[in-house]
Amino acid sequence: MQQQIVTILGATGSIGSSTLDVIKRHPERYQVYALSAASQIDKLIAACELHRPQHAVVLDEVNAELLSQGLRARGIDTAVSFGPQALIDISIAAEVTTVMAAIVGAAGMSATLAAAKAGKRVLLANKETLVLAGALFMDAVSQSGCVLLPIDSEHNAIFQALPDSYRENPYQSSLSAAGIERILLTASGGPFRTRDINTFPQITVAEAVKHPNWSMGRKISVDSASMMNKGLEVIEARWLFNAPAEHIQVVVHPQSVVHSMVQYRDGSVLAQLGSPDMRTPIAYGLAYPERIEAGVKALDLFAVGRLDFSPPDFERFPCLGLAFAALKEGGAAPAVLNAANEVAVAAFLNEEILFTDIPRVIESALSRLSTLAALSIDDLMAVDAETRQFAHFEIQQKTVRC
Ligand code: NDP
Ligand code: MG
């Protein structure tokens, strides 16, 4: 067994912390090369103290100075740098074998793409990379031949339920040639699955970030509450598994025990089940094709008792329909969807707009901007920037009206 040398992008987040927890259990298998964060400096210092990485990267110079002081005070000789190029550098360094892509949002794209181009083993949590630049990212994966392992629990479940031959090169395989009829993408339905729809404008930030089954970062928690998360995951599945939208069925499953399924032509449905704990897909990605201990509580089916399934409610969750529409439209539309959603969710978290304004901002951006050209990464970055500007303007206008 060759030791893996790991960079964790977004080490202070929910996925980053869970990754460090799994790594800590297997020091003989994994060595941390670099950790990144935006601004949670104390948490990053604690992680550096424990894992002694060679490099730590933060967002800007001010945080880099704080980090350097903190590390010096504890006698830790981790080198400190900051900014987007530093994130790329720790993702492509020759020593690195494995990159966990766990930055939230489009901010994670450049370094994740660089890791794929450099042929690293990429553990992909940052779904926004695939929404923003799915075709270009998967082309980079194909060209470099890098091993890409989905960490998002649903996609990890699907990956586990696919035939061995499909797993070797999912992007260039075909569902129908593999005897697959449909991918069944499960969704918990979030905290507002049964809430009176007339009270949606009164939804508070505290209510939206409180997911019934999973403990996650704030942005993805709001995405789960609006079901935009499932929309982003449909787009993610489209790229990861070369799966046309009409072969992806969203299935609401409130218990979050069945993490997703693959339905075959002969009537078989293969599912992956487990406790809702991200350390399972993280451990799977780290150890693939082996299995390692992840600190996850064994699933107690008797305690679970029952598993429920129902179709999604597109009226209650308009973001889901917007994501399907953007995927169907293609071109720049998914990039517009992603950027408008990021800005709208941040504004909701800052209490600048209502929960029900989130789909309004996205719809308005999609209707104005989805025809922009989006062939290259530079085009996509320009679409991302223009959409953010437009969405901020829309939100300001709404605030003025309030
Ligand atoms: P968190 O918000 O908990 O963590 C995000 C991480 O990214 C933190 O380390 C944060 O640093 C860093 N970060 C934030 N903004 C920037 C930026 N502009 N530049 C560089 N780094 C930045 O998110 P999660 O861990 O919940 O999610 C991470 C990704 O994984 C997301 O794409 C999400 O969709 C995906 N995912 C998450 C799941 C979960 O269970 N949490 C499940 C499936 C997918 P700091 O802490 O210093 O702010
Ligand atoms: Mg998921």
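In this report, the structure presented in the accompanying data block is examined. Counting restarts for each chain: residues are numbered from 1 in the order of the written sequence. Chain letters start at A and ligand numbers start at 1, both assigned in the order the entries are written. Restriction of local features to residues with pLDDT of at least 70 applies here, the model being predicted, together with a cutoff of 80 or more for giving and counting side-chain atom pairs; totals for whole chains, interfaces and linings are based on all residues. Water and hydrogen atoms play no part in the side-chain values, which are based on all heavy atoms of the structure.

### Observations concerning the coordination of the magnesium ion (ligand 2)
Applied cut-off: Here a donor is an N, O or S atom found within 2.8 Å of the metal, or within 3.2 Å if the metal is Na, K or Ca; sites may look incomplete because water is not among the atoms. Think of it in three bands: with a 1.4 Å probe and only protein chains considered, a residue is buried below 20% of the maximum accessible area for its type, exposed above 50%, and partly exposed in between.
Distances from the magnesium ion (ligand 2) to its protein donors, Asp-152 (OD), Glu-154 (OE) and Glu-233 (OE), fall within 2.1 to 2.2 Å. Coordination of the magnesium ion (ligand 2) draws on donor residues from a single chain, spaced D-x1-E-x78-E in sequence. Grouping residues by exposure puts Asp-152 and Glu-154 together as buried.

### Quick word on the pairing of strand β9 (residues 248-252)
We count it as follows: Each helix is a run of DSSP H or I of at least 4 residues and each strand a run of E of at least 2, with the numbering of both proceeding from the N terminus. One requirement defines pairing of two strands: DSSP has to find at least two bridges between them.
The element β9 is largely enclosed, with a buried count of 4 among its 5 residues. Inspection of the sheet shows strand β8 (residues 180-187) paired to β9 by 5 bridges, in the parallel sense. Paired with Thr-186 across the two strands is Val-251, which belongs to β9.

### Brief notes about the nonpolar core
Stated precisely, the cut-off is as follows: Buried Ala, Val, Leu, Ile, Met, Phe, Trp, Tyr and Cys residues that are joined via side-chain atoms within 4.5 Å together make up what is termed a nonpolar core. Whether two residues touch is decided by their heavy atoms; if any such pair falls within 4.5 Å, the residues are in contact.
Of all hydrophobic cores here, the largest spans 136 residues; its most connected members are Leu-337, Phe-355 and Ile-358. When residues in this core are grouped by element, the largest group, 11 residues, is from helix α15 (residues 333-349). Excluding its chain neighbours within four sequence positions, the residues that come into contact with Leu-337 are Met-228, Leu-232, Ile-235, Leu-322, Ala-323, Ala-326, Ile-362 and Leu-366.

### Quick look at helix α16 (residues 357-369)
Spelled out, the test is: For a helix, the expected span equals 1.5 Å multiplied by the residue count minus one.
The end-to-end C-alpha distance of α16, which contains 13 residues, comes to 18 Å, matching closely the 18 Å that a straight helix rising 1.5 Å per residue would cover. Turning to α16, its buried residues are Asp-357, Ile-358, Pro-359, Val-361, Ile-362, Ser-364, Ala-365, Leu-366 and Leu-369.

### Some details on the pattern of salt bridges
Where we set the bar: The salt bridge criterion pairs a side-chain nitrogen of Lys or Arg with a carboxyl oxygen of Asp or Glu, the two atoms within 4 Å.
If you walk through the whole model with that rule in mind, you get 20 salt bridges. Two residues, Asp-21 and Arg-25, come together in a salt bridge whose shortest N-O distance is 3.0 Å. With a relative accessible area of 18%, Asp-21 lands in the buried category. One continuous salt-bridge network, built from bridges that share partners, spans Asp-21, Lys-24, Arg-25, Asp-277, Arg-279 and Glu-293.

### Considerations on a nonpolar patch on the surface
Convention followed: Patches were defined on residues exceeding 30% relative accessible area and lacking a salt bridge, with like-charge contacts within 9 Å and nonpolar side-chain contacts (Val, Leu, Ile, Met, Phe, Trp, Tyr) within 5 Å. Note on areas: Shrake-Rupley, 1.4 Å probe, and residue coverage restricted to the protein chains presented here.
A cluster of nonpolar side chains, Leu-273, Leu-299, Leu-301, Leu-307 and Phe-309, forms an exposed patch at the surface whose accessible area comes to about 400 Å². Counting through the fold element by element, Leu-301 comes out in helix α13 (residues 301-304).

### As for the pairing of strand β6 (residues 121-124)
We apply this condition: A right-handed crossover is one whose linking path, passing over the helix from the first strand to the second, runs clockwise when the strands point away from the viewer.
Here β6 shows a buried face lined by Arg-121 and Leu-123 and a second buried face lined by Val-122 and Leu-124. Direction of pairing for strand β5 (residues 98-101) relative to β6: parallel, over a ladder of 4 bridges. Its bridge partner being in β6, Thr-98 is matched across the sheet by Arg-121. With helix α5 (residues 109-117) bridging β5 and the parallel β6, this β-α-β connection has right-handed handedness. Here β6 pairs with strand β7 (residues 148-150) via 3 bridges, running parallel. Counterpart to Leu-123 in the pairing with β7 is Leu-149. The handedness of the β6 to β7 crossover, carried by helix α6 (residues 127-144), is right-handed.

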